[in-house]
Amino acid sequence: MVNAITFNQTHIAQEELEKQFGEKVQHIHKQMIEGTSVGAEFLGWKQLPNEIDQEELNQVLATAEKLRKSADVVVVIGVGGSYLGAKAVQDALSPYFGKHEDNPEVIFAGQNLSGTYMKQLLQHIDGKEVAVIVISKSGTTTEPAIAFRILLEYMENRYGAAMKDRVVAITDKSKGALRELANRSGFTTFVVPDDVGGRFSVLTPVGLLPIAVAGIDILQLLEGAKDAVKEYTSSELSTNSAYQYAALRNHLLNEGYNIEILASFTPNFATFHEWWKQLFGESEGKDGKGIYPASVAYPTDLHSLGQYVQDGRREIFETFVQFKETTANCAIPTTEDNLDGLNYLSDKTMNEINDVTLQATMQAHQDGGVPLIHLTVGKKDAYHIGYIIYFFEMACAMSAYLLGVNPFDQPGVEEYKKNIFRMLEKPGFVEEK
Ligand code: PA5
């Protein structure tokens, strides 16, 4: 299936967008194909869905199966691009309440430094069969490294030498402390490819293994991404909606709209917003440039941030993601006394009312001076999630290049790290005091 996403906007005529950006887009597209764009050594994500090694994929599936069989709870350790993609996909495709009886519980660690969180995690897993997946491309990031040290000690105490069959490490093929530790301990390992940065790594074992452990069909996820590769190959702005989205974002920025809010009416899509924020925020926010990526979960946030969006400073544009088909639905019952006055809705379902609320919100925000983008996605399933991941990755790379920054580095992330190393007196950093 192609064209699983429909892109709509009413802010600028298509011809005008093409006039402003058509040539630049073609030029950048060519550079990306030829590998001459800035940061081109990190363009590996572009062909991932097609070029994923079948043997590696089989190993991911087999390892996932092994962990699913041996563990009641799988702790996934990672931060940033090493956890957000997996969590986004899992949250979007898992039931709201409870879990499927065949699936282990998948929980995350290493994305915060709260001692309370870790203590309670250890209490939560105690008495259950546990497995750990530790993910760090660099293999040296402090937050996941601390979480792993604590969990490794727990696993050693609990399982002794057999612990090595319950720990999987995903990291660089040869560098970093985690690679060394994993090799010495004999853990099963997977590699984060050199040419794929953290926030673009969800379709590598970084995302695929934890997602498969959660019982989600990663082959369908890859199938969706593969179809998106086909859909977004054109260098023509007129036929490539990922590039249209990228161009429109830059046009809006030039008009003074420097905040983009990703909005959806689907509660379990909220973690995907977080993945999207990292993707765009870390790729574009540099050299004093960028569009600040924010998000809202409507209708919940209509009762908080909705006021600001409708009526606050006019520097916001909003991108709505709407799923056409829904997974389940709920009818509104009729009551005889109609005491709550809701009988006028009793021939409707909750999802119909949700869709009307989305339309009403879009109309209100447009009337309030908020430029809108509307992305309609076929269905919230593994195929479409894979497709939309690739759509956003493609759009993000093009958008960052149009902005004039390297989409694939993150020099700003290093600043706080130097400070903590100095403040915590890490050897080699003390003298910088
Ligand atoms: O996108 C990125 O590169 C970052 O967000 C990283 O994913 C994040 O800093 C975690 O890094 P690492 O996987 O090296 O532990």
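Residues numbered from 1 in each chain as written. Predicted model: local features only at pLDDT ≥ 70, side-chain atom pairs only at ≥ 80, totals over all residues. Heavy atoms only, no water.

### Quick notes on the overall build of the chain
When helices and strands are tallied, the chain shows 15 helices and 10 strands. The C-alpha radius of gyration of the chain comes to 23 Å, within 12% of the 22 Å expected for a compact globule of 433 residues. Dimensions along the principal axes, computed over C-alpha positions, put the chain at roughly 65 × 65 × 50 Å. When the 433 residues of the chain are sorted by exposure, 50% land in the buried category. Sequence-distant contacts, at least 24 apart, represent 79% of the contacts inside the chain between residues at least 6 apart. Accessible surface, the chain as shown: approximately 19900 Å² in total, 52% of it carbon and sulfur. Of the charged side chains in the chain, 38 are positive and 57 negative, and the gap between their average positions amounts to 7 Å. (Helix = DSSP H or I, 4+ residues; strand = E, 2+ residues; numbered from the N terminus. Rg over C-alpha atoms; globule rule 2.2 N^0.38 Å. Buried < 20%, exposed > 50% of the residue type's maximum accessible area, 1.4 Å probe, protein only. Contact = heavy atoms within 4.5 Å. Areas by Shrake-Rupley, 256 points an atom, 1.4 Å probe, with all protein chains shown as cover. Lys, Arg positive; Asp, Glu negative; His and termini not counted. Charge placed at Lys NZ, Arg CZ, Asp CG, Glu CD.)

### Some words on the UniProt feature "active site" (unreviewed entry) in the chain
Mapped onto this structure's residue numbering, the UniProt feature "active site" (unreviewed entry) falls at Glu-282 and Lys-417. Among the structural elements, Glu-282 can be located in helix H11 (residues 270-284). For Glu-282, a relative accessible area of 25% translates into the label partly exposed. Among residues more than four places away in sequence, those in contact with Glu-282 are Arg-199, Lys-277, Asp-409, Gln-410 and Val-413. We classify Lys-417 as buried; its relative accessible area is 18%. (UniProt positions renumbered as here; feature names shortened; annotations may be inferred.)

### A few points about the sheet that holds strand S5 (residues 167-171)
Pairing within the open sheet is parallel, and its five strands lie in the order S3-S2-S4-S5-S6. Among the strands making up the open sheet, the edge pair consists of strand S3 (105-109) and strand S6 (188-191). Ignoring strand direction, the axes of neighbouring strands in this sheet form an average angle of 20°. Relative to S3, strand S2 (residues 73-77) runs parallel, the two being bridged by five bridges. Bridged to Ile-77 within S3 is Ala-109. In the packing of helix H6 (residues 142-159) onto the sheet, contacts are made with S2, S3, strand S4 (130-136) and S5, and the angle to S4 comes to roughly 155°. (Pairing = 2+ DSSP bridges. Axes fitted to C-alpha atoms, helices over the stretch in contact; angles between N-to-C directions.)

### Some points on the sheet that holds strand S8 (residues 292-297)
With mixed pairing, five strands are arranged side by side in an open sheet as S1-S10-S9-S7-S8. The strands lining the two open edges of the sheet, one partner per strand, are strand S1 (5-9) and S8. Strand-to-strand twist of the sheet, defined as the mean angle between neighbouring strand axes without regard to direction, takes the value 20°. Inspection of the sheet shows strand S9 (residues 316-325) paired to strand S10 (residues 372-379) by seven bridges, in the parallel sense. Bridged to Thr-319 within S10 is Ile-373. The strands touched by helix H10 (residues 241-254) within the sheet are S1, strand S7 (259-264), S9 and S10, with S1 carrying the most contacts at an inclination of about 30°. H11 contacts S7 and S8 of the sheet and is inclined by roughly 170° relative to S8.

### Notes on the confidence of the model for the chain
Taken as a whole, the chain shows an average pLDDT of 96; of its residues, 99% reach a score of 70 or greater. As a predicted assembly, this complex carries a pTM of 0.96 together with an ipTM value of 0.92. (pLDDT = per-residue confidence, 0-100.)

### Let's talk about the site of the ligand
Around the ligand sit 13 residues, and of these Ser-82, Ser-136, Ser-138, Thr-141 and Gln-278 come closest. The separation between an oxygen atom of the ligand and a polar side-chain atom of Ser-138 is 2.7 Å. Side-chain polar atom of Gln-278 to an oxygen atom of the ligand: 2.5 Å apart, as the coordinates give it. In the complex, the protein chains occlude 89% of the 380 Å² of accessible area that the ligand would expose alone. (Near = heavy atom within 4 Å. Polar contact = N/O pair within 3.5 Å; in protein donor to acceptor, adjacent residues only side chain to side chain.)

### Describing unusual backbone geometry
In the segment running from Tyr-298 into Pro-299, the intervening peptide bond is cis, with an omega of 0°. In this structure, Pro-299 sits in the loop between S8 and helix H12 (306-311). The phi dihedral of Asp-287 is positive, around 55°, even though this residue is not glycine. The residue Asp-287 is located in the loop between H11 and S8 in this model. A positive phi angle is found at Glu-425, which is not glycine, with a value near 60°. Position of Glu-425 among the secondary structure elements: in the segment after helix H15 (413-423).

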